[in-house]
Every structure is written in structure tokens, then in C-alpha cells.
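Examining the three-dimensional arrangement
Here's the letter readout for the chains.
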Amino acid sequence: MTKWGTYSIVVALLAMLLPFILIAFDVGEISNNPIFPLIALVFGGLGVIIHIIDLLKSDSFNASALLLLTSILSIIFGFSLSSLGITNAKYLLLVGALLVAVWVIIPNKRKEE
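Residues numbered from 1 in each chain as written. Predicted model: local features only at pLDDT ≥ 70, side-chain atom pairs only at ≥ 80, totals over all residues. Heavy atoms only, no water.

Structural notes on the overall build of the protein chain
Quick note on the threshold: Put simply, DSSP H or I for four residues or longer makes a helix, DSSP E for two residues or longer makes a strand, and each gets a number counted from the N terminus. Partly exposed describes any residue whose relative accessible area lies between the buried limit of under 20% and the exposed limit of over 50%, with all areas from a 1.4 Å probe on protein chains only and scaled to the type maximum. Here, residues are in contact when the closest pair of their heavy atoms is within 4.5 Å. To be clear on the numbers: accessible area is Shrake-Rupley with a 1.4 Å probe, and residue cover counts the displayed protein chains and nothing else. We treat Lys and Arg as the positive residues and Asp and Glu as the negative residues; His and chain ends play no part in the count. Lysine's charge is taken at NZ, arginine's at CZ, aspartate's at CG and glutamate's at CD.
Scanning the protein chain for helices and strands turns up 5 helices and 0 strands. Each helix (α) and strand (β) of the protein chain, taken in turn from the N terminus, gives the series α-α-α-α-α. In the protein chain, which comprises 113 residues, the proportion classed as buried is 27%. For the protein chain, contacts bridging at least 24 residues in sequence account for 67% of all contacts bridging at least 6. For the protein chain, the accessible surface area stands at approximately 7,700 Å², while carbon and sulfur atoms represent 71% of it. Put simply, the protein chain has 6 plus and 6 minus side-chain charges, and the middle of one group is 9 Å from the middle of the other.

What follows is the structure in C-alpha cells.
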């Protein structure tokens, strides 16, 4: 089940990058389509929800995993909502980047049982 969550997040990331790739190939009319941010919103949210459900099922839910998934979700939502023209969505993107920085800084110690 984790595999499908990861695939879903990868689809969201590709939907975020595809308009820039299309601009590089001089197909700017297609890249302005609002379907790309909507695909990123749906698949990104679905992927994070699948990962949270899987963590709850496997009883390995912790603060580090929640912090990382929240940061991924806020980056995807911030970028997509900013592409859709929502005002102040760039701050959601900033919060996601800061959460990733906090996740990297906080040590992750696991107890070997």
C-alpha cells in the first residue's frame, strides 16, 4: 500500500514539473492549463493520506513521519495553489520548506529491540 502512496506523490511531482518541461519545448499554451495543478493537488493529497493510513496500520506512526508527510503535503499544496493564482499560497510553500529543514535538523533515533 505504501508503494501506491509513493507512486501517487511521484505523479503529483510530475504534474508540478510538466508545465515547465512543456515551456522548454515551446508548448506554452498547454502548460497554462489548470489541470496540472489540480492533478498535483489530488494525487499529492491521496498519496499522503495513503501513507498516513499505512503508518497507522503498521503501528509505526511517529512525529518524524508526520512532520515529513505534512511538509510534503504543504509543498505540493503551496506550489499548486500558487500556480492556480491563489493569493498568499507562496507562504504555504515556505512553511513546507521550513518543515523539511526542521525534519532534517531533528535527529531520528531508533531503538533496536
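Re the packing of aromatic side chains
The line we're drawing: Aromatic rings from Phe, Tyr and Trp, with only the six-membered ring used for Trp, were paired whenever their centres fell within 6.5 Å, and each pair was classed as stacked if the ring planes differed by under 30 degrees, edge-to-face if by over 60, and tilted otherwise.
Counting across every chain of the model gives 2 aromatic pairs. Ring plane angle 90 degrees and centroid distance 5.8 Å describe the contact between W4 and Y7, whose orientation is recorded as edge-to-face. A residue pair is termed a helical-turn pair when its members lie 3 or 4 positions apart in one helix, as W4 and Y7 do in helix α1 (residues 2–24) at 3 residues. Measuring from centroid to centroid gives 6.1 Å for F20 and F79, while their planes differ by 55 degrees, and the two rings are tilted. Residue F20 is found in helix α1, and its partner F79 is found in helix α4 (residues 63–83); the two are separated by 59 residues along the sequence.

Some words on helix α3 (residues 35–57)
The criterion, for reference: Between the first and last residue of a helix there are one fewer steps than residues, each counted as 1.5 Å, and that sum is the expected span.
The first and last C-alpha atoms of α3 sit 33 Å apart over 23 residues, in line with the 33 Å expected at 1.5 Å per residue. Inspection of α3 places F36, P37, A40, L41, G44, G45, G47, V48, I50, H51 and L55 among the buried residues, and these make up the whole buried set. Against α1, α2 (28–31) and α4 lie the buried residues of α3. Trailing α3 by a residue or two, D59 shows a phi angle of about 60 degrees, which is positive.

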